[in-house]
Amino acid sequence: MINLGILIGPKGRGSNLLAIANACRSGQIGASIHVVVSPVSGSEAVAKATEKALPVKVVTPSSTNYAKELLASLDGCDFVCLAGYMRLLPAEVLHAFPNRVLNIHPALLPKFGGKGMFGNHVHEAVIEAGESESGCTVHFVSDKYDEGEIILQRHCPVLPSDTIETLAARVLIEEHLAYPEAIQKVIEAL
Ligand code: GRF
């Protein structure tokens, strides 16, 4: 069985975590979640992980041994999936999982990516640019924000009436389909 480590962020909602967990349980993904790693003990994402009886480890980014502790928390994992993780991943982790760290971004990369392009900033930029289409991208993680090889994208329209919130909600529906599909694609390519 393939083991997944899921890295979430400090304010994670955990909706992608949930989509991945459900896809593992239904058999859509031939893997299981080995560990959920969070920078905080209290967040919506941690609550969702606990509800699903998934093991949660808290690793604090301010720790002087952060990279080592993060790596240790991922012991036994075959792949690492970032789901709301906001930082550049320490080099030690990238080296330990070559081409085995995935991320999901709420836009069609390479557009609307890079440092500072997260959450609603992305959807605001898409609307301001007058795009007629947005979507999400699952990609391998490199040492630069949002620049690794693209695994797959899903598209959705941007409507003239869209607000940041309505667009974010439409993109999120695509994210929950894209992430499980991309993980399974990568596993099948092994
Ligand atoms: C998602 O929008 C994802 O694209 C981005 O972080 C957000 C995480 O949302 N990388 P959730 O915690 O999975 O609901």
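Preceding block: the structure.
Residues numbered from 1 in each chain as written. Predicted model: local features only at pLDDT ≥ 70, side-chain atom pairs only at ≥ 80, totals over all residues. Heavy atoms only, no water.

Visitor: Is there a simple way to think about the overall build of the protein in this case?
Guide: The helix and strand inventory of the protein stands at six helices and seven strands. Secondary structure of the protein in N-to-C order comes out as β-α-β-α-β-α-β-α-β-α-β-β-α. Over its C-alpha atoms the protein spans a radius of gyration of 16 Å, differing by no more than 12% from the 16 Å that the globule rule assigns to 190 residues. Projected onto the principal axes, the alpha-carbon positions of the protein cover approximately 45 × 40 × 30 Å. The proportion of buried residues among the 190 residues of the protein is 50%. Residue pairs at least 24 apart in sequence account for 64% of intrachain contacts in the protein once pairs closer than 6 positions are excluded. For the protein, the centre of its 15 positive side-chain charges and the centre of its 20 negative side-chain charges are spaced 5 Å apart. (Helix = DSSP H or I, 4+ residues; strand = E, 2+ residues; numbered from the N terminus. Rg over C-alpha atoms; globule rule 2.2 N^0.38 Å. Buried < 20%, exposed > 50% of the residue type's maximum accessible area, 1.4 Å probe, protein only. Contact = heavy atoms within 4.5 Å. Lys, Arg positive; Asp, Glu negative; His and termini not counted. Charge placed at Lys NZ, Arg CZ, Asp CG, Glu CD.)

Visitor: Any chance you could explain the packing of aromatic side chains here in plain terms?
Guide: How two aromatic rings sit relative to each other is set out by the distance from centre to centre and by the angle between their planes. Considering all chains together, one arrives at zero aromatic pairs under this definition. The ring of Tyr66 carries Arg87 above its face, with NZ or CZ at 6.0 Å from the centroid. (Phe/Tyr/Trp six-rings, centres within 6.5 Å; stacked < 30°, edge-to-face > 60°. Lys NZ or Arg CZ within 6 Å of the ring centre and 35° of its normal.)

Visitor: I tried to follow the pairing of strand E5 (residues 101-105) on my own but got confused; where do I start?
Guide: Look at any regular strand and the pattern is simple: side chains alternate between the two faces of the sheet. For E5, the buried fraction is high: five of the five residues fall into the buried class. Both faces of E5 are covered, namely the face carrying Val101, Asn103 and His105 and the face carrying Leu102 and Ile104. Bridge analysis of strand E4 (residues 79-83) against E5 gives three bridges, and the strand direction is parallel. Bridge assignment links Cys81 to a residue of E5, and that residue is Leu102. Crossover E4 to E5 through helix H4 (residues 91-96) is right-handed. Pairing geometry for E5 and strand E6 (residues 133-140), over four bridges, is antiparallel. The residue bridging Leu102 from the neighbouring strand is Phe140, located in E6. (Pairing = 2+ DSSP bridges. Right-handed = clockwise from strand over helix to strand, strands pointing away.)

Visitor: What is the right way to look at the sheet that holds strand E7 (residues 150-157) in this model?
Guide: Each strand in a sheet pairs with its neighbour through backbone hydrogen bonds, running either in the same direction (parallel) or in the opposite one (antiparallel). If you walk across this open sheet you meet the seven strands as E3-E2-E1-E4-E5-E6-E7, and the pairing is mixed. The sheet is open, and its two borders are formed by strand E3 (56-58) and E7, each paired with just one other strand. Averaged over all pairs of adjacent strands, the angle between strand axes in this sheet comes to 20°, irrespective of strand direction. On the sheet, helix H3 (residues 66-73) packs against strand E1 (2-8), strand E2 (31-38) and E3 and is oriented at approximately 155° with respect to E2. (Axes fitted to C-alpha atoms, helices over the stretch in contact; angles between N-to-C directions.)

Visitor: Before we go on, may I ask you to explain H3 in this structure?
Guide: Three- or four-residue spacings in an α-helix give side chains the same orientation, since the helix completes a turn every 3.6 residues. For H3, the full list of buried residues reads Tyr66, Ala67, Leu70 and Ser73. Take H3 and look down its axis: the buried residues cluster within an arc of 130°, on one side only. Close packing links the buried residues of H3 with E1, E2, E3 and H4. (Arc of directions from axis to C-beta.)

Visitor: Can you help me understand the site of the ligand in this one?
Guide: All residues in the neighbourhood of the ligand are listed as Gly12, Arg13, Gly14, Ser15, Asn16, Gly84, Ile104, His105, Pro106 and Glu175. A distance of 2.8 Å separates an oxygen atom of the ligand from a polar atom in the backbone of Asn16. The contact in question runs from a nitrogen atom of the ligand to an N or O atom on the backbone of Ile104, over 2.8 Å. For the ligand, whose unbound accessible area comes to 370 Å², protein coverage reaches 85%. Put simply, the parts of the chain that give the shell around the ligand at least two residues each are helix H1 (15-26) and E5. When grouped by side-chain class, the residues that make up the shell around the ligand number two nonpolar, six polar and two charged. (Near = heavy atom within 4 Å. Polar contact = N/O pair within 3.5 Å; in protein donor to acceptor, adjacent residues only side chain to side chain. Areas by Shrake-Rupley, 256 points an atom, 1.4 Å probe, with all protein chains shown as cover. Nonpolar A, V, L, I, M, F, W, Y, C, P; charged D, E, K, R; others polar.)

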